[in-house]
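A structural walkthrough
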Amino acid sequence: MKCRICGREAQPFMSFGRMPIANGFVTPGQFKDEYFFELAPVFCEGCSGFQILEQPAAQLMFHENYAFFSRTSRRMAAHFADFARWLRGRVEGAGASDPFVVELGSNDGIMLEHFAKAGIRHLGVEPSANVAAEARRHGVDCVTEFFTPALAGRIAAERGRADAISAANVMCHIPDLHDIARAADRLLGPRGILVFEEPYLGDMIAKTSYDQIYDEHVYVFSALSVSNLFERHGFELIDALPQSTHGGSMRYVLARKGAHAKAPAVAEVVARERAQGLHLPETYAGFRRNCERSKEQLLKLLRDLKAQGRRVAGYGATSKSTTVINYCGIDPSLIEFISDTTPIKQGKFTPGAHIPVKPYEAFCAQPPDYALLFAWNHSQEIFDKEKDFSDNGGKWIVYVPDVSVIG
Ligand code: SAH
Ligand code: TMP
Ligand code: ZN
């Protein structure tokens, strides 16, 4: 393939095999029409970019039945309250008197509702109609569209230039980031900032959390790759702030070249990335070996438990779990069901492997002997909530950073 960022020829360093749409929960009537593609990660030596070879069309993933609602996690709600406070401080600190903040992928309004409540001018750009409708119920102003240069031009003409464009867990979804950079250029004021936070490549490599790789995540970013991309469009990275969310994320702050001072964190993060070898192909060969070992160990554990007659259920039908389940070949004979609190997933079957998804009440009614923690990025919140499960002898299976049993 040609690298989407720098155009250099780059090849996959491994394949996770045939994959369905990560959030494509299905009913039995839909089994025969399920969409599959090959999930293969690529590292580009030209720009240190990490991406996947093939991404299904956006309309197959983001639509009126999009299954991911940001509000399902209380910890994420608290995180976005902090994020909103931080962003407001940053924008007001830069001297904006009547700030205007635009968020891409605003989902159910988990972040922008704080701007709405404070009476600050804002706009969400959210193509999935069902989650956007939920945001409106929380007082958030949003348009049901994909972010494009044309839309950016329209917003700027109708509402003026933005002081900040913010995005969380969505930049990594968008294949044509050159288009996004051009759109940001149209919409941002001269001292405006572009802020986004996404799962971090450094954490993924360190923890072998390969489940960050799935259809929606066409990229996994590093400060190195983000700088390389946006410098082509007149922007520079002015700050980089590590976050604990989603198993390890990074918040990138960008601005027009020379518009703001660069925080020392930028050079520090880049130096750490070089020390970790994020710019070197051999790092990804090592990552591949770690993925293969993780798969073997998880399968062996599940097969052993089955042979011992133990009941195993999954906890959290996460988008990430689609990669683990289909790469490892986990089927309903190894996992009875997966419990999930999201109504739209319940009563359906997981993409590809067709493991039943049941409401949380099913987990409480018939607690398994072992719970496989697919929502491992929410482990603290979940362990706190599930004290009874552990106190009654229930055990947890985790696979990040290593396959292990807790309890
Ligand atoms: N920001 C939220 C939601 C992340 S999920 C959070 O961090 O929890 C990603 C969201 O981005 C989805 O709601 C999806 O519909 C939306 N999205 C996908 N492509 C987009 C695009 N090109 N422009 C704007 N939003 C997009
Ligand atoms: P995420 O990892 O993409 O944030 O998705 C988390 C999924 O896990 C979502 O479908 C909701 C589900 N979940 C539960 O079922 N119980 C919980 O306690 C939490 C935190 C999440
Ligand atoms: Zn490249």
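Residues numbered from 1 in each chain as written. Chains lettered and ligands numbered in written order. Predicted model: local features only at pLDDT ≥ 70, side-chain atom pairs only at ≥ 80, totals over all residues. Heavy atoms only, no water.

Focus on the coordination of the zinc ion (ligand 3)
Tetrahedral coordination by four donors sets the ideal angle at the metal to 109.5 degrees; octahedral coordination by six donors sets it to 90 or 180 degrees. Bound to the zinc ion (ligand 3) on the protein side are Cys3 (SG), Cys6 (SG), Cys44 (SG) and Cys47 (SG), at distances that span 2.3 to 2.4 Å. Coordination at the zinc ion (ligand 3) comes from four donor atoms whose angles at the metal span 98 to 117°, giving a geometry best classed as tetrahedral. One chain supplies every donor to the zinc ion (ligand 3), and in sequence these donors are spaced C-x2-C-x37-C-x2-C. (Donors = N, O, S within 2.8 Å, 3.2 Å for Na, K, Ca; no water. Tetrahedral: all angles 85-135°; square planar, octahedral: opposite > 155°, others 65-115°.)

Things to note about the site of ligand 1
Around ligand 1, the surrounding shell holds 18 residues, and the nearest of these are Ser70, Gly105, Glu126, Ser128 and Asn169. Between ligand 1 and Phe147 there is a distance of 3.2 Å, counted from a nitrogen atom to a backbone nitrogen or oxygen. Side-chain polar atom of Asn169 to an oxygen atom of ligand 1: 2.8 Å apart, as the coordinates give it. Protein chains bury 97% of the 580 Å² of accessible surface belonging to ligand 1 in isolation. Looking at the shell around ligand 1 residue by residue, the class counts come to eleven nonpolar, six polar and one charged. (Near = heavy atom within 4 Å. Polar contact = N/O pair within 3.5 Å; in protein donor to acceptor, adjacent residues only side chain to side chain. Areas by Shrake-Rupley, 256 points an atom, 1.4 Å probe, with all protein chains shown as cover. Nonpolar A, V, L, I, M, F, W, Y, C, P; charged D, E, K, R; others polar.)

Section: the pattern of salt bridges
In the structure shown here, the tally under the stated rule is 21 salt bridges. Across the pair Arg90 and Asp239 runs a salt bridge, and its minimum N-O distance is 3.1 Å. Of this pair, Arg90 sits in helix α2 (residues 74-93) while Asp239 sits in strand β10 (residues 235-243), and the two are 149 residues apart along the sequence. You can call Arg90 partly exposed: its relative accessible area is 27%. In this structure, Asp185 engages Arg256 in a salt bridge whose closest nitrogen and oxygen atoms are separated by 2.4 Å. One end of the pair, Asp185, is in helix α6 (residues 177-187); the other, Arg256, is in strand β11 (residues 249-256), with 71 residues separating them in the sequence. The class of Arg256 is buried, set by a relative accessible area of 17%. The network of salt bridges with common partners includes Arg71, Asp108, Glu113 and Lys117. (Salt bridge = Lys/Arg side-chain N within 4 Å of Asp/Glu carboxyl O. Helix = DSSP H or I, 4+ residues; strand = E, 2+ residues; numbered from the N terminus. Buried < 20%, exposed > 50% of the residue type's maximum accessible area, 1.4 Å probe, protein only.)

Regarding the domain arrangement of the protein chain
Each assigned domain of the protein chain is listed here: domain 1 (70-277) and domain 2 (283-406). Centre-to-centre, using C-alpha coordinates, domain 1 lies 30 Å away from domain 2. At the interface, 21 residues of domain 1 touch 22 residues of domain 2. Counting each side, the surface lost to burial between domain 1 and domain 2 is near 1,900 Å², with a carbon and sulfur contribution of 62%. Broken down residue by residue, the surface that domain 1 buries against domain 2 is led by Thr208, Tyr210 and Asp211, which jointly contribute 36%. Summed over the shared surface of domain 1 and domain 2, the result is zero salt bridges. (Domains from an automatic or database assignment. Contact = heavy atoms within 4.5 Å. Buried area = accessible area lost by both parts, 1.4 Å probe.)

Quick look at the site of ligand 2
Surveying the vicinity of ligand 2 reveals 18 residues, the closest of which are Lys320, Asp340, Lys345, His378 and Lys385. Contacts to ligand 2 include Asp340, whose side-chain N or O atom sits 2.7 Å from an oxygen atom. Expressed as a share of its isolated accessible area of 490 Å², the protein-covered part of ligand 2 is 96%. Only α11 (319-328) and α13 (379-385) provide two or more residues apiece to the shell around ligand 2. The element contributing the most residues to the shell around ligand 2 is α13, with three residues. For the shell around ligand 2, the residue count by class is four nonpolar, nine polar and five charged.

A few points about the packing of aromatic side chains
Following the criterion strictly, the structure yields 24 aromatic pairs and no others. With 6.0 Å between their ring centres and 35° between their planes, Phe80 and Phe83 make a pair best called tilted. With Phe80 and Phe83 both in helix α2, this residue pair falls three residues apart, about one helical turn. The two residues Phe80 and Phe83 agree in class, both being buried. Relative to Phe221, the ring of Tyr219 has its centre 5.5 Å away and its plane inclined at 20°; by these criteria the two rings are stacked. Taken as a pair, Tyr219 and Phe221 share a single burial class, namely buried. One aromatic cluster in this structure is built from Phe196, Tyr219, Phe221, Phe230, Phe235 and Tyr252. Over the face of the ring belonging to Phe83 we find Arg251, whose NZ or CZ atom lies 4.2 Å from the ring centre. The ring of Tyr327 has Lys295 sitting right over it, with the charged end atom 4.6 Å from the ring centre. (Phe/Tyr/Trp six-rings, centres within 6.5 Å; stacked < 30°, edge-to-face > 60°. Lys NZ or Arg CZ within 6 Å of the ring centre and 35° of its normal.)

Some remarks on the side chain of Thr342
Along the chain, Thr342 falls in the loop between β13 (338-339) and β14 (357-358). A relative accessible area of 6% means that Thr342 is categorised as buried. Side-chain polar atoms of Thr342 contact the side chain of Asp340, separated by 2.7 Å. Excluding its chain neighbours within four sequence positions, the residues that come into contact with Thr342 are Ala67 and Thr72.

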